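A look at the structure
Each chain, written out:
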Amino acid sequence: QVHLVESGGGLVQPGGSLRLSCAAAGRTFSGYAMGWFRLAPGKERDFVAHINWSGGSTYYADSVKGRFTISRDNTKNTVYLQMNNLKSEDTAIYYCARRGVVRGRTEDEDEYDYWGQGTQVTVSS
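Anyway, here's the lowdown on the structure attached to this text. (Residues numbered from 1 in each chain as written. Predicted model: local features only at pLDDT ≥ 70, side-chain atom pairs only at ≥ 80, totals over all residues. Heavy atoms only, no water.)

This brings us to the nonpolar core. Of all hydrophobic cores here, the largest spans 31 residues; its most connected members are W36, L81, M83 and Y94. Apart from the residues lying within four places of it in its own chain, the contact partners of M83 are G16, S17, L18, L20, R67, F68, Y94 and V121. (Core = buried A, V, L, I, M, F, W, Y, C linked by side-chain atoms within 4.5 Å. Buried < 20%, exposed > 50% of the residue type's maximum accessible area, 1.4 Å probe, protein only. Contact = heavy atoms within 4.5 Å.)

See the structure below:
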C-alpha cells in the first residue's frame, strides 16, 4: 500500500511561481518512477512530468517544458514540481502518481498504480 499526499497549491498571478510537493508513505518509494498529472475544468486528466527512480532522468509535456521542473528527494520520500512563469491555462487540479510496471507510454495514466488526492492550482490576475 502506497499513500501519496500533494500540497503547495493555491492562487497565483500569471507569471508567478509555485512549488508542489508530494509526500509518499511506502516501503518502495525510492525504487519507482513518479509522475505529475493535471485535470483542468472540463478537460481530461493530462500528463505533466515524469522522473525516474534516482532523479537522473526527467521528461515533460511540451506545454510545460522550460517552465516546470520535477525533482525528488528519496531521503524524504518526496517528489516536487517547481512551476515558474505560470499561465492561466495551467489552472488545474494537480496529482502525483507512482508508476507501476512499465507497459506503455509514460504519458498514459494507466501506467500509474497509486495516486494522490490532488491539489488545486489557480492562475489568475
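The rest of the description comes next.
With that settled, consider unusual backbone geometry. Even without a glycine there, the phi angle at N77 is positive, about 50 degrees. Position of N77 among the secondary structure elements: in the loop between β7 (68–73) and β8 (78–83). When its relative accessible area of 25% is taken as the criterion, N77 is described as partly exposed. One non-glycine residue with positive phi stands out, namely N85, at about 50 degrees. By the element assignment, N85 lies in the loop between β8 and β9 (92–99). (Helix = DSSP H or I, 4+ residues; strand = E, 2+ residues; numbered from the N terminus.)

Turning to the pattern of salt bridges, a few remarks are in order. For the structure on display, the rule yields 7 salt bridges. Residue R38 is joined to D90 by a salt bridge in which the shortest nitrogen-to-oxygen separation is 2.9 Å. A residue pair is termed long-range when its members are at least 10 positions apart, and R38 in strand β4 (residues 34–39) and D90 in the loop between β8 and β9 qualify at 52 residues. Linking E107 and R105 is a salt bridge whose minimum nitrogen-to-oxygen distance equals 3.6 Å. Its relative accessible area of 22% is what places E107 among the partly exposed residues. Its relative accessible area of 54% is what places R105 among the exposed residues. One salt-bridge network, in which partners are shared between bridges, spans R38, R67 and D90. (Salt bridge = Lys/Arg side-chain N within 4 Å of Asp/Glu carboxyl O.)

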